[in-house]
Amino acid sequence: MSTPANAHGDSPATTEPGVVAAAGDNEAQRREQLLSVENVTLTFGGVKAISDISFNILKGEIRAIIGPNGAGKTSMLNVINGFYHPQKGRISYKGKTRKRMKPYQAASSGIARTFQNVALFSGMSTLDNIMSGRSLKMKRGLIWQMLHVGPARREEIAHREHVEHIIDFLEIAHIRKQPVGKLPYGLQKRVELGRAMAMEPELLLLDEPMAGMNLEEKEDMSRFILDLNSEFGTTIALIEHDMGVVMDLADRVVVLDYGQKIADGTPAEVQSNQNVIDAYLGVAH
Amino acid sequence: MFYREAGQFKTTYEADQAMLPIAQDRVGLLLILLIAFAAIPLLASDFFISSIMIPFLVFALAAVGLNILMGYAGQLSLGTGAFMGVGAYACYKLATLFPDLNILIVVFLSGFFAAGIGVIFGLPSLRIKGLYLAITTLAAQFFLEWCFIRIGWLYNYNDSGAIEVPQRMLFGLAITGPHATPITRYLVILTIVAIMTLVAANVLRGRIGRSWMMIRDMDIAAELMGIRPLFSKLSAFAFSSYYCGVAGALMVFFWLGSAEVESFDINHSFLIMFMVIIGGMGSLAGCFMGAAFIWVLPVILRAIPSAFELNILAATMEHISSIIIGALIIFFLIVEPHGLARLWRVGKEKLRTWPFPYAT
Ligand SMILES: Nc1ncnc2c1ncn2[C@@H]1O[C@H](COP(=O)(O)OP(=O)(O)OP(=O)(O)O)[C@@H](O)[C@H]1O
Ligand SMILES: [Mg+2]
């Protein structure tokens, strides 16, 4: 655990109000809620992966989800984007409450994600992987695609341009045409972020985007996440094990342990919470 | 040294996205088209055209169809032969029911029947994958073969059980039937195959083609990016089967002249699958290379003894050619399991960086 203070940006007080780190509950409540999870319970057979968890994500914030291995963090993301269906509880996204949702519906309502174990399209190039993030934005039908003239070609080129901005942003121009399967792990994670960015999501779920990276790669990735949040206003939910990174990036942190929520608050609050310290130090339950 | 993109700067994304961004490749393709459309009709013998080129094109088109499904969308199918059969029987029925309809329109319409049947037998792909899916397509193969035999209506209750291609004209020229010359048939087939390959290339490099590859490579991620697996898989089955269906129609109407169920049996499914695997999964050029390798090479090998007046029995030569082809298949698959197209690409890559192989 490193810096206790929120080092997001240089001085939170001077940045524009929408992006300011939520200092406490009062301020947090004033900001618009993008997603809220209410009393969600998810079980696999006998295993309770998530039990009765509630928390929310505010528009424009970076929200970290932390916890020891097997705490239910990935399961939580899977619930949010419709991959798992919780047995109990409700999820409201942009004011609409839902119980069940298909992953592609989540995608079309503006939720994108990356995976704990890189899930790129291994047979395709970096460029095509990121282009695939534009799938929902491309509208031309089969006939135009078959001819590949006029509107279909213009559409393809317009999206290519957008994708090139992402490639520049992530500094991966040199691997644009390479098949992603052979790229080093750190770059694969970056391409995966690019693919999620291409969807222009309102809510971006990142499952351990820095796992297995060295310090320099982590710094790059942190920079991308912060820029993404401040430049494009993307709301980010982030799972991360490196506490230093969490302290630096997150506006608010929710802590899970054995499928239960044990703390929720600013990084500083969470860090001094006795439950959290116990969970991480492995005090007997 | 001569195959190099140095100095060819692309200033627009459009140029970069072109199908063949390197000038030498474009020249190469132009040359191939020139040979196919001009040199072969002018110079080649009837035997070469009707026994080598026409079947080669038919199989290449069927391989394109299967490759879309297997190589691009990642769905295994052993029903290619039967899907070709659906196209052929549909073409025959349409041609005899509507004798005045232009035969080319009939050919293109018959593909839709194959596409429909393909979608029906593609439904299990929503639940099962890989070899298990292959088994259900195998069931499709046998079921459809059974239909081709039992449903007399399909071959107009001919005593022979075969479909006989009627004569049809285009611009006053017989293009199907016994009086159509090999060159006419060849040119018709070549035009259709060239256009359909171009269309396939267009679809594959656009949104729809990408959605197939997304499902192939990582279906979970594809779904979370807004691809509906149902639509994507079934559209791949439809598109692929359409191509196989048209290939089947072409096979009967422009090559065989008449056909029975044997022309669409499981052996043909395997033959086309070999072409795709040898040529290269996920490569259109590979379909043509695979078809050439599996169909053209044996014909040439068999023709060697008579050309050099060697005294070898035809049957012996048949065996020798099988052995050679088998050995070559094993050799190529060991050297490059991803097929001839990949071998070709790796070779070009080497040429591009020669003499500094570490330059990239
Ligand atoms: N598909 C599944 N089937 C059965 N059990 C599952 C499934 N997914 C998760 N679990 C169980 O749910 C619990 C929470 O798993 P989850 O992957 O959400 O943990 P996590 O917090 O992401 O852990 P890690 O830090 O290791 O990634 C674990 O006990 C896990 O075994
Ligand atoms: Mg996890």
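Residues numbered from 1 in each chain as written. Chains lettered and ligands numbered in written order. Predicted model: local features only at pLDDT ≥ 70, side-chain atom pairs only at ≥ 80, totals over all residues. Heavy atoms only, no water.

Details of the packing of helix 4 (residues 80-97) of chain B against helix 6 (residues 130-150) of chain B
Residue and element names in this part refer to chain B. As a packed pair, helix 4 and helix 6 sit with axes 8 Å apart at the nearest point and diverge in direction by 30°. In this structure, helix 4 meets helix 6 at a crossing whose hand is left-handed. Contacts between helix 4 and helix 6 involve T80, G81, A82, F83, G85, V86 and Y89 from the first element and A140, Q141, L144 and F148 from the second. Its residues assigned to classes, the contact of helix 4 with helix 6 comprises 7 nonpolar, 4 polar and no charged. (Axes fitted to C-alpha atoms, helices over the stretch in contact; angles between N-to-C directions. Helix = DSSP H or I, 4+ residues; strand = E, 2+ residues; numbered from the N terminus. Left-handed = near helix turned anticlockwise from the far one by under 90°. Contact = heavy atoms within 4.5 Å. Nonpolar A, V, L, I, M, F, W, Y, C, P; charged D, E, K, R; others polar.)

Some remarks on the domain arrangement of chain A
Residue and element names in this part refer to chain A. Here chain A is partitioned into domain 1 (1-110 + 203-223 + 235-285) and domain 2 (121-200). At the boundary of domain 1 with domain 2, total buried surface from both sides reaches about 840 Å², with 65% on carbon and sulfur atoms. Of all residues in domain 1, A107, L204 and M221 bury the most surface against domain 2, accounting for 38% of the area lost on that side. In this assembly, domain 1 and domain 2 are joined by 2 salt bridges. R223 is paired through a salt bridge with E171; the nearest N and O atoms lie 3.3 Å apart. (Domains from an automatic or database assignment. Buried area = accessible area lost by both parts, 1.4 Å probe. Salt bridge = Lys/Arg side-chain N within 4 Å of Asp/Glu carboxyl O.)

Things to note about helix 2 (residues 23-43) of chain B
One full turn of an α-helix is made of 3.6 residues, so residues set three or four places apart face in the same direction. Residue and element names in this part refer to chain B. Under the 1.5 Å per step criterion, the end-to-end length of helix 2 is 28 Å for 21 residues, consistent within 8% with the ideal 30 Å. Where helix 2 bends most, the angle comes to about 40°, and this point is I35. Taken as a whole, helix 2 has its buried residues at D25, A36, I40 and P41. In the core, the buried residues of helix 2 are packed alongside helix 3 (46-72), helix 7 (182-204) and helix 14 (340-353). (Expected span 1.5 Å × (residues − 1). Bend = angle between axes of the 7 residues up to and from the residue. Buried < 20%, exposed > 50% of the residue type's maximum accessible area, 1.4 Å probe, protein only.)

Digging into the coordination of the magnesium ion (ligand 2)
Around a metal, the idealised angle for a tetrahedral arrangement of four donor atoms is 109.5 degrees; for an octahedral arrangement of six donor atoms it is 90 or 180 degrees. Around the magnesium ion (ligand 2), the protein supplies A:T74 (OG1) and A:Q116 (OE1) as donor atoms, at distances of 1.8 to 2.1 Å. On the criterion of sequence distance, the pair formed by A:T74 in helix 2 (residues 73-80) and A:Q116 in the loop between strand 6 (111-114) and helix 4 (126-132) is long-range, its members being 42 residues apart. (Donors = N, O, S within 2.8 Å, 3.2 Å for Na, K, Ca; no water.)

Details of the sheet that holds strand 10 (residues 260-265) of chain A
Residues and elements named next belong to chain A. A sheet is described by the order of its strands in space; here 6 strands give the open sequence 6-7-8-3-9-10, paired in mixed fashion. Every other strand in the sheet has two partners, leaving strand 6 and strand 10 as the edge strands with one partner each. Each strand of the sheet is rotated relative to its neighbour by a mean of 15°, with strand direction disregarded. Bridging between strand 6 and strand 7 (residues 203-207) involves 4 bridges; their strand directions are parallel. Residue pairing for strand 7: T114 is matched across the bridge by L206. (Pairing = 2+ DSSP bridges.)

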